[in-house]
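Structural overview for review
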Amino acid sequence: MAGKATVLVDGSRLSQLDQQLLKLERFLALISGLAVFGLMVLAVISVSGRNALNAPLPGYVDWIEQAMPLIAFLGISYVQRDGGHIRMDIVLSRLHGRGLWLFELISVVLILLLMLALVWGSWSHFDRSFDFGAPLWSRDSSIDIGIPLWPAKLLAPIAFSVLCLRLALQIWGYGRAFLLGLDAPVAVPLIQDAAAQAAAEAEQFEGQD
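Not measured: the values here are computed from a predicted model.

A count of helical and extended segments in the protein chain gives seven helices and two strands. If you list the helices and strands of the protein chain from N to C, you get β-α-α-α-α-α-α-β-α.

Structure (structure tokens):
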């Protein structure tokens, strides 16, 4: 599991790029959240129509399928930035200094290689669906109401590309920490232990008094 993480900021070029990318990641995460809210609204409309008028929302399942990439993919880079994905905390808690940064560096490099392959594969999947000469530029559509599928398929390579940018910045951050022997590098998630989490939460509550 992943514990609570913090990302340090300073005036370095790496930190500035981290902050710029964070703006995009937050925007994409907001869209993902709005997609969840939109599905809730559609569910209410569909159930209300079925119960009141015996007429559920046409193509409700099609709209759910279209929204799934919004929910599943657009927030992954934001979560990666904050160290929210599943991590091997039992192993990481036993590492310190350059050993920790080397482990993190190797992990992120492997993730980046996988994501680059997924960008290529998902783009090919989108390319097979998109056609300027076809109606609505689409070679395929949903079964029920015929929604073009290429917009949903395009979201995967876009979200994965943003994640690749985040991973590249983290490689820079972990590599810099390893070479310089830094204790607290910027632009990478630093996992807090239980004591640090408690202190941070106490400080947050004190600020609300």
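That shown, we press on.
Put simply, the second largest pocket is a space of about 340 Å³. In terms of lining, the second largest pocket is formed by 17 residues, of which the most central are Gln80, Ile86, Arg87, Ser107 and Ile111. Looking at the lining of the second largest pocket, the element that brings in the most residues is helix 5 (residues 97–129), giving six residues. Grouping the amino acids of the lining of the second largest pocket by side-chain chemistry returns ten nonpolar, five polar and two charged.

What follows deals with a nonpolar patch on the surface. On the surface, a nonpolar cluster with roughly 520 Å² of combined accessible area is contributed by Leu102, Ile106, Val109, Leu110, Leu113 and Leu116. Along the chain, the position of Leu110 falls in helix 5.

Enumeration over the complete set of coordinates arrives at ten aromatic pairs. Geometrically, the ring pair formed by Trp123 and Phe126 is tilted, given 4.9 Å between the ring centres and 50° between the ring planes. Of the two residues, Trp123 and Phe126 both sit in helix 5, three residues apart, roughly one turn of that helix. A relative accessible area of 45% places Trp123 in the partly exposed class. A ring pair is formed by Phe130 and Trp150, whose centres lie 4.9 Å apart and whose planes are at 80°; its orientation type is edge-to-face. Linking Phe130 in the loop between helix 5 and helix 6 (150–180) with Trp150 in helix 6, this pair joins segments that are 20 residues apart in sequence. Since its relative accessible area comes to 15%, Phe130 is described here as buried. Members of the aromatic cluster, joined through ring pairs, are Trp123, Phe126, Phe130, Phe132, Trp137 and Trp150.

Residues Trp101, Met115, Phe160, Leu163, Cys164, Leu167 and Tyr174 are the most contacted members of the largest nonpolar core, which totals 18 residues. At the level of secondary structure, the elements contributing two or more residues to this core comprise helix 5 and helix 6. Apart from residues lying up to four places away in sequence, Leu167 is in contact with Gln80, Val108, Ile111, Leu112 and Met115. Core analysis: the next-biggest nonpolar cluster, separate from the first, contains ten residues, Leu28, Leu74, Val186 and Ala187 among them.

Procedures and definitions
- Residues numbered from 1 in each chain as written.
- Predicted model: local features only at pLDDT ≥ 70, side-chain atom pairs only at ≥ 80, totals over all residues.
- Heavy atoms only, no water.
- Helix = DSSP H or I, 4+ residues; strand = E, 2+ residues; numbered from the N terminus.
- 1 Å grid on protein atoms, 1.4 Å probe; cavity = no way out; pocket = protein on both sides within 12 Å on 5 of 7 lines; lining within 4 Å.
- Points joined across faces, edges and corners; volume = space filled by probe spheres on them.
- Nonpolar A, V, L, I, M, F, W, Y, C, P; charged D, E, K, R; others polar.
- Patch = residues over 30% accessible without salt bridge, like charges linked within 9 Å, V, L, I, M, F, W, Y side chains within 5 Å.
- Areas by Shrake-Rupley, 256 points an atom, 1.4 Å probe, with all protein chains shown as cover.
- Salt bridge = Lys/Arg side-chain N within 4 Å of Asp/Glu carboxyl O.
- Phe/Tyr/Trp six-rings, centres within 6.5 Å; stacked < 30°, edge-to-face > 60°.
- Buried < 20%, exposed > 50% of the residue type's maximum accessible area, 1.4 Å probe, protein only.
- Core = buried A, V, L, I, M, F, W, Y, C linked by side-chain atoms within 4.5 Å.
- Contact = heavy atoms within 4.5 Å.

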